[in-house]
There are 2 protein chains.
Amino acid sequence: MNKNAFRNISYGLYVLSSWDNTSPTGCTINSVMQITSEPATIAISVNHNNFTNSCIDKSGKFAISVLSVNSDPSIIGTFGFKSGKDVNKFESVKYDNIQGMPVLKDCCAYIICEVINKMETDTHTVFLGKVVDADILSDGEPMTYAYYHKVIKGKSPQNAPTYIANEGKENMNKGKYVCSVCGYVYDGEIPFENLPDDYKCPVCGAPKSAFVKQQ
Amino acid sequence: MNKNAFRNISYGLYVLSSWDNTSPTGCTINSVMQITSEPATIAISVNHNNFTNSCIDKSGKFAISVLSVNSDPSIIGTFGFKSGKDVNKFESVKYDNIQGMPVLKDCCAYIICEVINKMETDTHTVFLGKVVDADILSDGEPMTYAYYHKVIKGKSPQNAPTYIANEGKENMNKGKYVCSVCGYVYDGEIPFENLPDDYKCPVCGAPKSAFVKQQ
């Protein structure tokens, strides 16, 4: 079996969110698909280790904020490479409370669902949600997972269904500086060493010191 | 609820196939996502009306052929706008028999799964498959659903989760010739009337006479 074949499956990039008692929580996911048209239902896949998973289980509701190519890429890192158990991810982003669910302002569309069914696997829960509200927020082109990998040069976090161990190391980044938090590869014109001290990883916001030169 | 928001969910384009007793059968789908990494599992969504649905139920296996931008677009129409009950769709395409499943030669990757779980909805079945084989067949870029809509100008068949009634009519195609079978909009340089009589719809293969001028 050649697991690289899975990379040919196309996805978008989304912030999945829900409510943790008194505060909003969420995580970056790529696995969202519409299941039925009438009534409209959506399936999502979330790792058991994602704090958002248990919050969706408790609240019975979730929101999907669809990221666009114009969305601030640091959103992906904030929601993808940190845990909602440790930090309030929504503290650093602007959001609206729609139908009781937190929706990012910096996205192109949102979909809010009530959980009507779920299917368990070893590591992930597939939630089936009935859409209760949805709208377009901007005309930005939806960000695809391919765009995230190719243009933003981001990697898959360990909880992603698409995670492949040592993904970064396969990519022949010898001599390049790679973010040790999210795997982002610096590829700018200015030599990495000459970047200002307050340079931050554009994907996850990690400081310059978190970058490691690939041997 | 603004259902156009659903168009911001990103997908690929795939031929889902299985075996109907003695012959291969399949249908075009866009809803495929990886659910877990280890062991690798994949979820797909198929309409109850798709003949392939009952064949997967019986055989307990399915194959996903990932279409690329280099794949012949008529594959989409052959598998998307005709029923396997009526025609042997595999008669007009080249395929290999891999692990007992029909896999298109003209695709960039394939994934073969054994059904391990399923979730029913009003109109679609979500099958969860454990991957038993997968490989890359060519380096063509996977075709996205957005590419299919924007570049090939194809529409969603009625069994698709993403189907929106009168989708073609929303698109201001006044004066243009539209395929009445699949919704493809002719937009070539040669005036439609001057096309040869044996012109066929590049998406579904319908004859020139199946095109209707939009009023």
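Residues numbered from 1 in each chain as written. Chains lettered and ligands numbered in written order. Predicted model: local features only at pLDDT ≥ 70, side-chain atom pairs only at ≥ 80, totals over all residues. Heavy atoms only, no water.

## Some points on the overall build of chain A
What chain A contains, in helices and strands, is 4 helices and 11 strands. Considered along the principal axes of its C-alpha atoms, chain A spans approximately 50 × 40 × 35 Å. Out of the 215 residues belonging to chain A, those deemed buried represent 55%. Look at the contacts in chain A between residues 6 or more apart in sequence, and 63% of them connect residues 24 or more apart. Of the roughly 9400 Å² of accessible surface on chain A, a fraction of 47% belongs to carbon and sulfur atoms. Put simply, chain A has 20 plus and 22 minus side-chain charges, and the middle of one group is 7 Å from the middle of the other. (Helix = DSSP H or I, 4+ residues; strand = E, 2+ residues; numbered from the N terminus. Buried < 20%, exposed > 50% of the residue type's maximum accessible area, 1.4 Å probe, protein only. Contact = heavy atoms within 4.5 Å. Areas by Shrake-Rupley, 256 points an atom, 1.4 Å probe, with all protein chains shown as cover. Lys, Arg positive; Asp, Glu negative; His and termini not counted. Charge placed at Lys NZ, Arg CZ, Asp CG, Glu CD.)

## Notes on the packing of aromatic side chains
Residues and elements named next belong to chain A. Evaluation of the coordinates by the stated rule reveals 22 aromatic pairs over all chains. The structure contains a cluster of three or more aromatic residues connected by ring pairs, namely Tyr 177, Tyr 184, Tyr 186, Phe 192, Tyr 199 and Phe 211. The ring of Phe 192 has Lys 208 lying over it, and the distance from NZ or CZ to the ring centre is 5.6 Å. (Phe/Tyr/Trp six-rings, centres within 6.5 Å; stacked < 30°, edge-to-face > 60°. Lys NZ or Arg CZ within 6 Å of the ring centre and 35° of its normal.)

## Some details on the relation of the copies chain A and chain B
At an RMSD of 0.0 Å, chain A and chain B line up after a rotation of 180° and a shift of 0.0 Å along the axis. Here the transformation between the copies is reduced to the relation of a two-fold axis. Proximity to the rotation axis, assessed at the C-alpha, singles out A:Tyr11 in chain A; its C-alpha lies 2.7 Å from the axis. An overlap of 100% is found between the interface residues of chain A and their copies at the interface of chain B, pointing to a shared contact surface. (Least-squares fit on C-alpha atoms with pLDDT ≥ 70 in both.)

## Thoughts on the domain arrangement of chain A
Residues and elements named next belong to chain A. Here the domain parsing of chain A yields domain 1 (6-146) and domain 2 (165-215). Placing a centre on the C-alpha atoms of domain 1 and another on those of domain 2 gives a separation of 27 Å. Between domain 1 and domain 2, the residue contacts involve 8 residues of the former and 7 residues of the latter. The junction of domain 1 with domain 2 conceals about 550 Å² of combined surface from both sides, 52% of it contributed by carbon and sulfur atoms. One can count 0 salt bridges joining domain 1 with domain 2. Put simply, domain 1 and domain 2 have 1 residue pair in polar contact (both at pLDDT 80 or more) between them. Across the side of domain 1 that touches domain 2, the residue classes break down as 3 nonpolar, 3 polar and 2 charged. (Domains from an automatic or database assignment. Buried area = accessible area lost by both parts, 1.4 Å probe. Salt bridge = Lys/Arg side-chain N within 4 Å of Asp/Glu carboxyl O. Polar contact = N/O pair within 3.5 Å; in protein donor to acceptor, adjacent residues only side chain to side chain. Nonpolar A, V, L, I, M, F, W, Y, C, P; charged D, E, K, R; others polar.)

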